[in-house]
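Structural features, examined
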Amino acid sequence: MNGLKNIRNIGIAAHIDAGKTTLTERILYYTGRQHKMGEVHEGSATMDYMVQERERGITITSAATYCSFKGHTINIIDTPGHVDFTIEVERCMRVLDGLVALFDAVAAVQPQSETVWRQANRYKVPRIAFVNKMDKIGADFLNVIAKMRERLMAPAVAVQIPIGSEANFLGVIDLLEERAWTFSEKDLGATVIEIEVPPEYRDEIKSLRAELIERICERDDSLLAKYVAEEHITVKEIKTALRQLTCQGQLVPVLCGSAFKNKGVQTLLDAVIDYLPAPDDVPPIRGRVPSKDKEEERRADENAPFSALAFKVQSDPHVGKLTFIRVYSGKIAKGETLLNVRENKKERIMRILRMHANHRQDIDEVRAGDIVAVVGLRSVLTGDTLTDPKHPIYLESIHIPEPVLNVALEPKTRADQEKLGTALAKFSEEDPTFRYRTDEESGQVVVSGMGELHLEIIVDRMLRELNVSAKVGRPQVAYRETIRGVAEGVEGKFIRQTGGRGQYGHVILNVEPSDDGKEIVFEERVVGGNVPKQYFRAVEEGVREALNCGPLKGYPVIGVKATLIDGSHHPVDSSELAFKIASSLATKEALRRANPVLLEPLMLVEITVPEGYLGEVIGDLNTRRAKIETIDTNNPQACTVRGLVPLAEMFGYATSLRSKTQGRGSFTMEFHSYEEVPKEMAPVGEEIGVKL
Ligand code: GDP
C-alpha cells in the first residue's frame, strides 16, 4: 500500500518560539495520532516530553514521530534550534529528505532561522516555508518572503496568500489552484471548509500567480518554451514542475497560517506531500564497501541489499536501548540479523517500533525510505551503519564534532559517585558529543560537551533524574596537549619481587608526533621477542592510559605516535598488569622529554551584522585573538564575518555582540581545530579552575 512515493521524511526547523512545537502538536492532532491537543504554555505538549523541555518550553532532543495523512506516511524528526545541540541538528539533517522552515509572521527572519537555513544549505535539503502566527498584530506575509530573499538569499515564492490578517485572519488561498479554505472554529480547525475566493483578492492573486508561474517557467526548460509561445499550461504541469524545482532546491514555496489558531495546518501537509521529496526523489546514498575498498551506492529500493544508518541512540525506561534508524535500502523483519559494520558484529533485531513522541507501536518489518526505532542492538552507536551481513557498506557517517568545554563534578558521597558513574555512561552513549573521565587523584569527574547550555542541561538531567548530589564547577575550556619533539629509547620498569609470585614488566619506547597530528598511533617493533606478543595489548593500554593525562597540566594528549622497540620479560613474574604499568611509566617519561605543548580549541565563528556595526564587531574580534578570514558585504543588511577565534576568548560573546549591535547581530560557532596556546596566554592554576 504505502510505496516509497507515499513516504515523506521531514524536519521542522525554526527560531525558538516561532511555534514549532505548537505546529507539530496540531499536525499530530489533525492526523489522528492523538486525541487531546497539548498546549505548550500548559506544559503538556506531547513532543516535548522531557521535564527540562517542558520547564524551559524548548525542544532539546530530536524525537522522531510519524503520522499519516491522505494515504501518506510522514515521519517528522524534531530538530532543536539552539546551536549548542549541533549534533542533534547534524543527525536530523543527515536523515531528512525535506524540511519545513517555520517563520514568525511578525519577526520574519530571526538569527536562528539563518543558522538553520545555512545548515540546510550545507546538506542541500529541499525546503518549503511556513509563515506562522498570521493572527498576531503586525503579521506581514509578503514581508517575510521579502526578508527570506534578502537575508537568506532564498529563492522563495508565495504559493498561498492569507485571507485577512491579525485578528481577522480567516484562512488561505492557493495561488495555483485559485481556491480558498477556512478552518472550522467548532472542532479546533479539524474540518477544512472550501469557500468562494473572496472577490477583493482577485487582483492580488492575479499578480502573485503570474509571478509564481514566471519563476517556475524560467527554471524549467519544457515549460519555458510553452510560456514564451504563450501556450496554455495546465495547473498539473505547473505543480509537477514546482515539485521538481523544490526537490532540487531551486525554489522554496512559501505558505502561511496560524498553528495556535488552528489555521493552515492541513494545507501545509498538502504542500509537504505535493512539493517535498519522497525517499527516491533524492540521490541514492553512497558508501564504501570494506572488502573492495571502493564506493557503491544503495538505491531506495526494498529489493536492494539492506542498509540503514543509526542516527540516534536513546535509553528508554520501558524497553531499554532504542536505536533510531533511517533505512536507505532493502527491508528487514523483526527477529532478523544485521551487521554493525564498524564493529563487524552481528546483531538481532528484537522489536521494530514506530515512535510517536513517547508512545510506541510494534511493527513487523521496515522497508527502504522509512524511519523507525529498533530494540536489541547492543554495540550500535550514533552514526553506525547497519547492513545485510552479506552486503556490508559504510554509509557516510554523521560528523561528530569535538567537545570543547569541561565542567568538573564532585560527587558528595560514595553512593553519589556510583550513581554518577552509571548516569555518565548512559549519557555518553546517547550523545556522542558528551564525554567524561574521572581524575584518579582528586576523585573529580570532568564532563565535556559542546557549549555552556549543552553541559548545563546534561548536568541538570543527571542530578535530577538520578538524584545525585554533586558540586558543579564553572565551565572551562577543554585544552589538549601534544608533543613537538621526539624521545627515543625511553625505559619503563615495573618490577616487584617479594617472595611468591612477583611482578615484572619492562619496556623501551619511542614517542614522536603522529603524521596527521590527530590520532594516537601505536606500533610494535620489538626485536628478538624480548616482550612476548601476548603482552602487546597491555603495553598499548598503558600507552593510552598515560596519554589520557598529559605531562603539562593533565589534559589528554593527542597527535602522538608511540612505538614499542624493546624490553624484557620474566618467565614467571611477567603479567599484563606489570607490562601495562611499565608502559604507562615509560610513556609519561617520554612525553616529558619530547617537548610537550598545550593546545586550545580554535572555533570557526561566523557573525552576521548590518553594515553599520561591522567596524565595531571587527575591532572587538581583534581584541579576542581572532584570525579574520573573510568579510562579505554583498548584502548590507546582513554582512558576514568569518574567522577563527580561540574558545577561551568567546565566553560571554553572545551578550557582548548583542549589546554592540543593539541585538541585530547573530553568530554561530563550531569547533575547527586545536592550536598551540601562545606562551603568554597559557592558563595558570586558578584559571583552569578544575584540577584535572
Ligand atoms: P517553538 O519554540 O518553536 O517550539 O514554539 P512554541 O510552539 O513553543 O510556541 C511559542 C509560543 O508562541 C507559545 O506561547 C505558542 O502558544 C505561541 N504560538 C505558536 N503558534 C502561534 C500562532 O500561530 N499564533 C500566535 N499568536 N501564537 C503562537
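Please refer to the structure placed before this passage.
So, a few notes on the structure that sits alongside this text. From a predicted model like this one, the values you see are computed outputs, not experimental measurements.

Things to note about the packing of aromatic side chains
- On inspection of all chains with the given rule, the structure shows seven aromatic pairs.
- Relative to Y555, the ring of Y479 lies with its centre 5.4 Å away and its plane at 55 degrees, an arrangement referred to as tilted. Taken together, the residues Y479 in the loop between β29 (476-477) and β30 (480-483) and Y555 in the loop between α12 (536-547) and β34 (560-568) connect sequence positions 76 residues apart. Of the two residues, Y479 and Y555, both sit in the buried class.
- Against the face of W117 rests R127, its NZ or CZ located 4.5 Å from the ring centre.

Looking at the sheet that holds strand β24 (residues 394-395)
- Ordered in space as β13-β12-β24, the three strands form an open sheet in which the pairing is antiparallel. Each edge of the sheet is formed by a strand with only one pairing partner; in this case those strands are β13 (294-298) and β24.
- Pairing analysis gives five bridges linking strand β12 (residues 285-289) to β13, with the strands arranged antiparallel. If you follow I285 over to β13, its bridge partner there is R298.

Here we look at a nonpolar patch on the surface
- On the surface, L224, Y227 and V228 cluster together to form a nonpolar patch covering roughly 250 Å² of accessible area.
- You can see V228 is positioned in helix α7 (residues 221-228).
- A residue is classified by how much of its surface remains accessible, and V228, at 62% relative accessible area, is exposed.

Some details on the pattern of salt bridges
- Counting across every chain of the model gives 42 salt bridges.
- A salt bridge links E237 to K226; the shortest N-O distance between them is 2.6 Å. Of this pair, E237 sits in helix α8 (residues 235-247) while K226 sits in helix α7; the two residues are 11 residues apart in sequence, bridging distant segments of the chain.
- You can call K226 partly exposed: its relative accessible area is 23%.
- Here the salt bridges do not stand alone but share partners, grouping E177, R179, E194, K239 and D274 into one network.

A closer look at the packing of helix α6 (residues 202-217) against α7
- Two elements in contact, α6 and α7, have axes separated by 8 Å at closest approach and are oriented at 125 degrees. Between α6 and α7, the interaxial angle falls into the category oblique. In contact with I213, E214, I216 and C217 of α6, α7 contributes L223, L224 and Y227.
- Within the contact of α6 with α7, the residues separate by chemical class into six nonpolar, no polar and one charged.

Some thoughts on α8
- Along its 13 residues, α8 runs 18 Å from first to last C-alpha, staying within 8% of the 18 Å computed at 1.5 Å per residue.
- Along α8, the positions that sit buried rather than exposed are I238, K239, A241, L242, R243, L245, T246 and C247.
- On the buried face of α8, the contacting elements are β1 (7-14), β5 (127-132), α6, α7, β11 (252-256) and α9 (265-275).
- Just past α8, the residue G249 takes up positive phi, approximately 80 degrees.

What to know about the site of the ligand
- Around the ligand, the surrounding shell holds 16 residues, and the nearest of these are D17, K20, T21, T22 and D135.
- With respect to the ligand, the backbone of D17 contributes an N or O atom lying 2.8 Å from an oxygen atom.
- Residue A18 places a main-chain N or O atom 3.4 Å away from an oxygen atom belonging to the ligand.
- Considering the ligand on its own, with 580 Å² of exposed area, one finds that the protein chains cover 86% of that surface.
- Element by element, the count of residues in the shell around the ligand is highest for helix α1 (residues 20-30), at three residues.

Comments concerning the sheet that holds strand β7 (residues 160-163)
- Overall, antiparallel pairing links the four strands, which are arranged β7-β8-β9-β10 in an open sheet. The open sheet has two edge strands, β7 and β10 (192-195), and neither has a second partner. Neighbour-to-neighbour, the strand axes of the sheet open up by a mean angle of 30 degrees, direction not taken into account.
- Bridging between strand β8 (residues 171-174) and strand β9 (residues 179-183) involves four bridges; their strand directions are antiparallel. When the bridges of β9 are listed, I173 appears paired with A180.

Quick look at the pairing of strand β36 (residues 627-632)
- In this sheet, strand β37 (residues 639-646) lies alongside β36 in antiparallel orientation, the contact comprising five bridges. Note that in β37 the partner of I631 across the bridge is V641.
- Where β36 folds back onto β37 in an antiparallel hairpin, the turn is made up of six residues.

Quick word on unusual backbone geometry
- You will see that K133, though not glycine, has its phi angle at about 65 degrees, which is positive.
- Counting through the fold element by element, K133 comes out in the loop between β5 and α5 (141-152).
- When its relative accessible area of 19% is taken as the criterion, K133 is described as buried.
- For L188, which is not glycine, the phi torsion reads 55 degrees and is therefore positive.
- Locating L188 in the fold gives a position in the loop between β9 and β10.
- L188 gets classed as partly exposed once you look at its relative accessible area, which sits at 38%.

Criteria and cut-off values
Residues numbered from 1 in each chain as written. Predicted model: local features only at pLDDT ≥ 70, side-chain atom pairs only at ≥ 80, totals over all residues. Heavy atoms only, no water. Phe/Tyr/Trp six-rings, centres within 6.5 Å; stacked < 30°, edge-to-face > 60°. Helix = DSSP H or I, 4+ residues; strand = E, 2+ residues; numbered from the N terminus. Buried < 20%, exposed > 50% of the residue type's maximum accessible area, 1.4 Å probe, protein only. Lys NZ or Arg CZ within 6 Å of the ring centre and 35° of its normal. Pairing = 2+ DSSP bridges. Patch = residues over 30% accessible without salt bridge, like charges linked within 9 Å, V, L, I, M, F, W, Y side chains within 5 Å. Areas by Shrake-Rupley, 256 points an atom, 1.4 Å probe, with all protein chains shown as cover. Salt bridge = Lys/Arg side-chain N within 4 Å of Asp/Glu carboxyl O. Axes fitted to C-alpha atoms, helices over the stretch in contact; angles between N-to-C directions. Parallel < 35°, antiparallel > 145°, perpendicular 65-115°, else oblique. Contact = heavy atoms within 4.5 Å. Nonpolar A, V, L, I, M, F, W, Y, C, P; charged D, E, K, R; others polar. Expected span 1.5 Å × (residues − 1). Near = heavy atom within 4 Å. Polar contact = N/O pair within 3.5 Å; in protein donor to acceptor, adjacent residues only side chain to side chain.

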